[in-house]
Amino acid sequence: MPILKKMHEIKQLGNRAAHEIGSIHVKDSSSLIHDLFEIYTWFFSQYATYDKGLINSNLKGENNFDELLKVAEQGDAQAQYLLGQYFDEGIIVNKNLHDAFYWYQKSAQQNNIKAELAVAKCFKNGTGVEESEFEAFNLYQKLANQEIAEAQYYLGLCYYEGIGTDENAEEAYYWYHKSAKQNFPLAEFTVGQCLLWGDGIIENNDDAFFWLERACTHNFSEAYYLIGKCFERGWGTEINLNSALSNYLKASELGYSDAQFKTGWFYEKGIGTAVNIKRAFYFYKLAASNQNRYGRYKLATCYRSGSGTNVDHFEAFSNFLAVTDPHLNDMSEYEADWEEDYDVLMI
């Protein structure tokens, strides 16, 4: 079962972190594993129209599936939706996206909201059915007009990216904001981001800070990162470099590579904290491991000069070479911002 395999991989990641990262002791590994598992279940419960009960259930094997199939064939909308998820995720049965779509659609025809959202997603991504941006847009629009927060967010995304309709940043913001007012986490973050950059709405740093703080309550890594920038730059709040670093650290712990690079920079330069070149090296290495181009560049300079580590010309050369690789899967989100801040040299 892919979902159980994924949980196992997360546990293995926790074990490796406990044994390979010097600052994490073995006694902390169980807590780390628990936190990673919470992140995984939280993600699905918030963003994937996935039923938390499925994750927490005992999944009693074929008998469970046979019972569910029987009820679904009798026309029970919730059973049809759950059966769609079984096929979608490969739970108990082999993964089959066409069967998943079939059962989602059966449930959606009975106005099951979660199923309708799943059908819209299938049309949008072309999973289990021929891609149809028009069908996806129409479904999201229908549900958004019923005040379904998740649909309002995705309708905004359709307007923003021109999915099934013309691009319209202002209309996108309108729907993002309606969704955010219903506490949909992705919408809260996106509204904050739009207000910060003036995307579809007049730039307003005070309001941006408000919405980004709301998004942080859902452990949004990029929200922590942007709140850190707000504290660093004085956007919507007073400059507070200690708070900036604190938020960059939170985003780093959640795996956000730009925050890992930024945290390394703060430790290297003594911004909001004492200079600590070993900690700087640690965070640059984390950023580089997440395919962050700027993290790789700084890691290379550390190996070249012996900053926070031993001089290692081979590692320096390897990381400099990686920076120039046009195929690097660069996870950096704000390239222009980094270049403006630090005049990073791309050799």
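From a predicted model like this one, the values you see are computed outputs, not experimental measurements.

Colleague: Any chance you could explain the overall build of the chain here in plain terms?
Modeller: The number of helices and strands found in the chain is 19 helices and zero strands. Put simply, the chain has 347 residues, and 47% of those count as buried. Of the contacts formed within the chain by residues at least 6 apart in sequence, a portion of 50% connects residues at least 24 apart. Total accessible area on the chain is roughly 17400 Å²; 49% of this is exposed by carbon and sulfur atoms.

Colleague: Sorry, what's going on with the side chain of Ser 107 here?
Modeller: Turning to its location among the elements, Ser 107 is positioned in helix H6 (residues 97-108). For Ser 107, a relative accessible area of 0% translates into the label buried. The residues touching Ser 107, leaving out its near neighbours within four places in the chain, are Ala 77, Gln 80, Tyr 81, Asn 112 and Ala 115.

Colleague: Sorry if this is basic, but what is going on with the packing of aromatic side chains here?
Modeller: The description of two aromatic rings rests on the distance between their centres and on the angle between their planes. Inspection of every chain in the model, using the stated rule, returns 24 aromatic pairs. Relative to Phe 87, the ring of Phe 65 has its centre 6.0 Å away and its plane inclined at 85 degrees; by these criteria the two rings are edge-to-face. One end of the pair, Phe 65, is in helix H4 (residues 62-73); the other, Phe 87, is in helix H5 (residues 77-89), and 22 residues separate them in sequence. Residue classification places Phe 65 among the buried residues on the basis of a relative accessible area of 12%.

Colleague: Explain the side chain of Ser 132 to me, please; I cannot follow it from the model alone.
Modeller: Relative to the helices and strands, Ser 132 resides in the loop between helix H7 (113-125) and helix H8 (133-144). Dropping the residues within four chain positions of it, Ser 132 is found in contact with Phe 123 and Lys 124.

Colleague: So what exactly am I meant to see when it comes to the pattern of salt bridges here?
Modeller: Opposite charge on two side chains permits pairing when their charged atoms draw close. This structure, assessed with the given rule, holds six salt bridges. Salt-bridge contacts for Glu 147 lead to Lys 178; the nearest nitrogen and oxygen are separated by 3.8 Å. Highlighted residues: Glu 147 in the loop between H8 and helix H9 (149-161) and Lys 178 in helix H10 (residues 169-180), separated in sequence by 31 residues. The class for Glu 147 is partly exposed, based on a relative accessible area of 41%. Across the pair Lys 298 and Glu 268 runs a salt bridge whose closest N-O atoms are separated by 3.3 Å. Taken together, the residues Lys 298 in helix H17 (residues 293-305) and Glu 268 in helix H15 (residues 257-269) connect sequence positions 30 residues apart. Ionic contacts of the salt-bridge type, sharing partners, join the residues Glu 268, Lys 269 and Lys 298 into one network.

What counts and what doesn't
- Residues numbered from 1 in each chain as written.
- Predicted model: local features only at pLDDT ≥ 70, side-chain atom pairs only at ≥ 80, totals over all residues.
- Heavy atoms only, no water.
- Helix = DSSP H or I, 4+ residues; strand = E, 2+ residues; numbered from the N terminus.
- Buried < 20%, exposed > 50% of the residue type's maximum accessible area, 1.4 Å probe, protein only.
- Contact = heavy atoms within 4.5 Å.
- Areas by Shrake-Rupley, 256 points an atom, 1.4 Å probe, with all protein chains shown as cover.
- Phe/Tyr/Trp six-rings, centres within 6.5 Å; stacked < 30°, edge-to-face > 60°.
- Salt bridge = Lys/Arg side-chain N within 4 Å of Asp/Glu carboxyl O.

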